[in-house]
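Fold and geometry: a report
If you want the building blocks of each chain, they are given just below.
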Amino acid sequence: MCGRFAFHSPASLLVDRFAATIHGDAPAPRYNAAPMQTLPVVRFNPETKERRLSPLRWGLVPVWSKDPSGAAKMINARAEGVTERPAYRSAFKKRRCLVPFDAYYEWRKVDGAKIPHAIATDSNGPDAFAGLWEGWKDPASGEWLHTFTIITTEANDATRAIHDRMPVILPPDHWSA
DNA sequence: CCAGACGTTGTT
DNA sequence: GTCTGG
DNA sequence: CCAGACGTTGTT
DNA sequence: GTCTGG
């Protein structure tokens with residue numbers, strides 16, 4: 001799965017590598033990004049053809065939700081069901097995003113103890129998780145809440161020894177899709 | 001028809 | 001909004 | 001994912 | 001032990 005991660009590359013490197021403009025303040029480095037925190041993601045706006053790095057809250061709230069209380073359960077979306085699940089399928093069609101990271105954490109069980117491991121990118125700079133995003137309008141305030149989730153899949157060779165699930169990592173040639 | 005869910009992981 | 005379970 | 005709570009009544 | 005909040 002993916003419940004914690006880090007990103008600490010300088011903002012200038014994010015801008016170059018993702019060809020994105022920064023919306024709002026430059027993101028601060030994070031070594032322990034956690035669910036329900038507001039974290040930088042890259043989105044493509046088909047109207048303006050612009051790619052932007054914007055702060056969204058981790059934990060997806062579908063637009064039809066009565067309230068945002070289910071967000072913490074929606075931090076990951078299984079790749080196997082992302083086209084079918086009511087909570088994710090419309091975002092999968094129209095609202096994909098990139099979640100920049102430098103490392104992610106998985107916990108390994110050893111005799112009942114949980115040992116955290118960091119799986120880091122190689123030295124080319126930040127990579128990207130495959131994400132989905134949504135907007136939810138608070139009926140009380142009229143404010144829009146923007147949220148995202150990280151897609152997960154079966155672990156690859158680098159991760160399998162630690163854990164059986166991991167975030168989907170998109171290679172750079174998929175960042176424009 | 002209406003009411004209620006809509007999610008993932010890990011552990012037994 | 002849309003599907004599932006009753 | 002981890003950390004921390006795990007409760008009710010009445011009043012603003 | 002299990003749920004909630006971050």
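Above this text sits the structure in question.
What this report covers is the structure whose coordinates are included nearby. (Residues numbered from 1 in each chain as written. Chains lettered and ligands numbered in written order. Predicted model: local features only at pLDDT ≥ 70, side-chain atom pairs only at ≥ 80, totals over all residues. Heavy atoms only, no water.)

**A word on the protein's contact with DNA strand E**
Around DNA strand E, the neighbouring residues are Arg4, Pro35, Met36 and Ala72. Taken together, the sugar and phosphate atoms account for 0% of what DNA strand E places within 4 Å of the protein. A distance of 2.7 Å is found between a base nitrogen of DNA strand E and a side-chain nitrogen or oxygen belonging to Arg4. Of the residues contributing to the surface near DNA strand E, the split by class is 3 nonpolar, no polar and 1 charged. (Near = heavy atom within 4 Å. Polar contact = N/O pair within 3.5 Å; in protein donor to acceptor, adjacent residues only side chain to side chain. Nonpolar A, V, L, I, M, F, W, Y, C, P; charged D, E, K, R; others polar.)

**Remarks on the pattern of salt bridges**
Scanning the entire structure with this criterion turns up 6 salt bridges. In this structure, Glu80 engages Arg78 in a salt bridge whose closest nitrogen and oxygen atoms are separated by 3.7 Å. By relative accessible area, Glu80 is classed as partly exposed at 48%. The closest approach of N and O atoms between Arg160 and Asp157, which form a salt bridge, is 2.6 Å. One end of the pair is Arg160 and the other is Asp157, both in helix 3 (residues 157–160) and 3 residues apart, which spans about a single turn. Overall, Arg160 belongs to the partly exposed group, its relative accessible area being 44%. Residues joined by salt bridges that share partners form a network here, namely Arg78, Glu80 and Arg165. (Salt bridge = Lys/Arg side-chain N within 4 Å of Asp/Glu carboxyl O. Buried < 20%, exposed > 50% of the residue type's maximum accessible area, 1.4 Å probe, protein only. Helix = DSSP H or I, 4+ residues; strand = E, 2+ residues; numbered from the N terminus.)

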